[in-house]
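Structural overview
Next come the chains, spelled out residue by residue.
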Amino acid sequence: MKVLKFIVCLVLISGLINSGNSFAKKDPVEHIFMRDFSGATQINANIIKIDLNNPRIAVEVALALNSTNRKEIVSTIAKREKAIVAINGSFFHSRSSVHSAVGLLMLDGNVISDSGHRRTSLGITEDKKVIIGIPKIKNMIMMPEIGVNLNLNGINQVRGKTHITLFTPLFGKTTKTNRGGREIIVKDSRVIGYSMNNAKIPSDGFVISMAKADSKVADKYPIGTQVFINSVLNSPWNRVKTLVTGSPQLLKNGRVYNTYYAEKLQSSIKAPNTRTAVGITQTNKLIMITVNGRITFNKLAELFKKLGARDALALDGGGSTEMYLDGKNMTPNFRPVTNAIVVKYY
């Protein structure tokens, strides 16, 4: 608590510590810089407050190189997206040639990536209301003509040993699978063929990759069969258009609510570290924070409380921590990541 009080005093008293607005005062984006010398290491925090009530503001998830399977630094993602603000997004896996987000990613109301991890997520509805919590979702393949529904274990991810995984053009040209099983190739919502592995993904279709399927797949799912993708989310997540998964949750209804243990995160994530996090206030202002220097989740939660947040969650941190603001990098890190949260001004 002493650290947080010290930080707040610095902001209130010293104009040198608080950089103030990076934009004109009428602009819906405010930048605050905080510095703390009271701990064992120096902590520098960049804080962005974004007024989501402004009709010209949009918050979106942007993919590295427009793919669910690539990596790129946040600043180049931001420049391509013509964003005024950007921070790194979800945690990610890097396995050989596959780089995929941990948890759920949604763009324009569509699930574009799902690793099966149900962790604290940030959801934004079409009317720019923010939801923070753990969504429940069921992704399915539906073949109504033959009465078949298949539950998906993953979307645009490395296929597990017993999994059914969906691959769309956002993943790349092929599925990159390299072991047994069968793959069903779908184009224009109809089955058009099969493959053992590493199938080509149609630009106007997708591939259903089944780790445990055998040669009878062609008999079970004949050529010409109609195929649909269906994602069912529980309320209020069924109203969400943009979604990115982080973890843990930091605040709930204005109180510290650290879900590190409940979400069974690995110990390396718990240790004090450089952090990226987001929160929302009662007045619908989105708060984005990057902290350079080692800070715990609880102290980060207290900082969000001081800033008036109602709910908050952490995103990927450590070397992934990066903030871009109005053409400038506000953090020293440049590790490529798979996605970013971007703010645009129309």
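This one's a predicted model, so the numbers in the text were calculated from it and none came from an experiment.

1. A word on unusual backbone geometry
Of note, the amide linkage connecting Ser 235 to Pro 236 takes the cis form, showing an omega dihedral of 5°. The residue Pro 236 is located in the loop between strand S18 (228-233) and strand S19 (240-245) in this model. Residue Pro 248 follows Ser 247 across a cis peptide bond; omega there is -5°. Topologically, Pro 248 is positioned in the loop between S19 and strand S20 (249-252). Even without being glycine, Asp 188 reaches a positive phi, approximately 50°. Residue classification places Asp 188 among the exposed positions, given a relative accessible area of 53%.

2. Details of the environment of Ile 155
Looking at the secondary structure, you find Ile 155 in strand S13 (residues 154-155). Ile 155 gets classed as buried once you look at its relative accessible area, which sits at 1%. Not counting chain neighbours up to four residues away, the residues in contact with Ile 155 comprise Val 111, Ile 112, Ser 113, Asp 114, Asn 139, Thr 165 and Leu 166.

3. Some words on helix H5 (residues 297-306)
Within the span of H5, buried status applies to Phe 297, Leu 300, Ala 301, Glu 302, Leu 303 and Phe 304. The first or second residue beyond H5 is Gly 308, which carries a positive phi of 90°.

4. Describing the sheet that holds strand S3 (residues 57-63)
Taking strand neighbours across the sheet as the criterion, the five strands line up as S3-S27-S4-S25-S26 in an open arrangement whose pairing is antiparallel. Unpaired on one side and paired on the other, S3 and strand S26 (328-329) mark the two borders of the sheet. The pairing of S3 with strand S27 (residues 339-345) spans seven bridges and is antiparallel. Bridge assignment links Ile 57 to a residue of S27, and that residue is Tyr 345.

5. A word on the nonpolar core
In terms of nonpolar packing, the biggest core is built from 30 residues, with Ile 50, Met 288 and Ile 341 touching the most fellow members. Of the residues forming this core, the biggest block, four residues, is contributed by S3. Discounting residues that sit within four places of it in the chain, Met 288 has contacts with Asn 46, Ile 47, Ile 48, Ile 50, Val 85, Ile 87, Ala 277, Val 278, Met 323, Ile 341 and Val 343. Of all hydrophobic cores here, the second largest spans 27 residues; its members include Met 106, Met 143, Leu 150 and Leu 233.

Reading the values: rules and limits
Residues numbered from 1 in each chain as written. Predicted model: local features only at pLDDT ≥ 70, side-chain atom pairs only at ≥ 80, totals over all residues. Heavy atoms only, no water. Helix = DSSP H or I, 4+ residues; strand = E, 2+ residues; numbered from the N terminus. Buried < 20%, exposed > 50% of the residue type's maximum accessible area, 1.4 Å probe, protein only. Contact = heavy atoms within 4.5 Å. Pairing = 2+ DSSP bridges. Core = buried A, V, L, I, M, F, W, Y, C linked by side-chain atoms within 4.5 Å.

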